[in-house]
Amino acid sequence: MPNDKLAGLLIKKDSNEPDDNSGVQPLAPPAPPPLQTITAQNNPYDFITNPASQPKKKLFPGGNSLTSRLIFIGGGVVILFLIGMLVISLLNSGAKSLKNEYTSLVLQQAELIRVSDIGVEKARQSKAKNLAITTRLSLTSQQPDLLALAKKAGAPTEPKILATGADAKTDTLLTTADQSNQFDEEFTKFIYASLLKYQQSLKNVYDATSKTSTKDTLSKNFNAVNVLLKTQDE
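Quick caveat, the model's predicted, so the values are computed rather than measured.

Calculation rules
Residues numbered from 1 in each chain as written. Predicted model: local features only at pLDDT ≥ 70, side-chain atom pairs only at ≥ 80, totals over all residues. Heavy atoms only, no water. Axes fitted to C-alpha atoms, helices over the stretch in contact; angles between N-to-C directions. Helix = DSSP H or I, 4+ residues; strand = E, 2+ residues; numbered from the N terminus. Parallel < 35°, antiparallel > 145°, perpendicular 65-115°, else oblique. Left-handed = near helix turned anticlockwise from the far one by under 90°. Contact = heavy atoms within 4.5 Å. Nonpolar A, V, L, I, M, F, W, Y, C, P; charged D, E, K, R; others polar. Expected span 1.5 Å × (residues − 1). Buried < 20%, exposed > 50% of the residue type's maximum accessible area, 1.4 Å probe, protein only. Arc of directions from axis to C-beta. Polar contact = N/O pair within 3.5 Å; in protein donor to acceptor, adjacent residues only side chain to side chain. Core = buried A, V, L, I, M, F, W, Y, C linked by side-chain atoms within 4.5 Å.

A. Local environment of the packing of helix H4 (residues 126-152) against helix H7 (residues 183-208). At a minimum axis distance of 10 Å, the contact between H4 and H7 shows a crossing angle of 30°. As far as their axial angle goes, H7 and H4 are roughly parallel. At the point where H4 passes H7, the crossing takes the left-handed sense. Packed against H4, whose contacting residues are Ala 128, Leu 131, Ala 132, Thr 135, Leu 139, Gln 142 and Leu 146, the element H7 presents Asp 184, Phe 187, Thr 188, Ile 191, Leu 195 and Tyr 198 at the interface. Residue composition of the contact of H4 with H7, grouped by class: 9 nonpolar, 3 polar and 1 charged.

Right, dumping it as structure tokens:
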């Protein structure tokens, strides 16, 4: 019997069961961690659940205040004004350039007609006289259309203005050549050089304009000058 009691005590001691007679209470299980309440400040999903709380984007630099809006709008108006002034300046510059080209062209034409009249009167040989006649007829027929185009471009077309293109040096040259019996040579040389210059002026105006009907008129005049120049090579 005593051995049975001793065995029971040994078995009880080897087990991990608490001894009711020892006065030691078993350990309580650990308490669960406290629940964390997610506030609006640390909620990473607040932008989904509460989109109104997100800061609004600024529509105007510097803020959405009335002053910022006025500054922004005022700056835009100034920029548009400067762009408009630049466009107007470019258009005026182009118009002024075209006007100058037409002025030079009609003055050259008037001078060629005037000198051709001198050739018709003083040329001795048939070649020089025919050149004078055909040049006068060709340019005189072109003159009304060309003056109309020049007038639209703002170039002066009054007869007294066209007369200012007369060069006294040309008159002196031809008078001297006539006195030395070299009028035909000097006249032909002058007409040829002047026609080349006149043709270049026609091309300048042609390149500066975009209107089809104007280009057609200038092209026709350009080709007519080519015909006159070919007579020099014959």
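Don't stop here, the text continues.
B. Structural view of helix H6 (residues 168-179). Here H6 is 12 residues long and its end C-alpha atoms lie 17 Å apart, about the 16 Å a rise of 1.5 Å per residue gives. Those residues of H6 lying buried are Thr 170, Leu 174 and Ala 177. With its buried residues spanning 60° around the axis, H6 presents them on a single face. The exposed set on the far side of H6, more than 90 degrees from its buried face, consists of Ala 168, Lys 169 and Gln 179. Capping the start of H6, Asp 167 holds a side-chain oxygen 3.0 Å from the backbone nitrogen of Lys 169, two or three residues further along. With its phi angle positive at about 60°, Asn 181 sits one or two positions after the end of H6.

C. The arrangement of the nonpolar core in detail. Counting residues in hydrophobic clusters, the biggest one holds 33 residues, and the most contacted among them are Tyr 102, Leu 146, Phe 187, Ile 191, Leu 195 and Tyr 198. At the level of elements, helix H3 (66-122), H4, H7 and helix H8 (212-233) are the ones that each hand at least two residues to this core. At 9 residues, H3 tops the list of elements feeding residues into this core. Excluding anything up to four places from it in sequence, Leu 195 contacts Leu 112, Thr 135, Val 225, Leu 228 and Leu 229.

D. The arrangement of unusual backbone geometry in detail. Its identity as a non-glycine residue notwithstanding, Asn 181 has a phi of 60°, on the positive side. As for its position among the elements, Asn 181 is in the loop between H6 and H7.

E. Examining the packing of H6 against H7 more closely. Across the interface, H6 lies against H7 with an axial gap of 7 Å and an inter-helix angle of 150°. In terms of axis orientation, H6 runs roughly antiparallel to H7. Along its contact with H6, which presents Thr 170, Leu 173, Leu 174, Ala 177 and Asp 178, the element H7 presents Phe 183, Glu 186, Phe 187 and Phe 190. Grouping the constituent residues of the contact of H6 with H7 by class yields 6 nonpolar, 1 polar and 2 charged.

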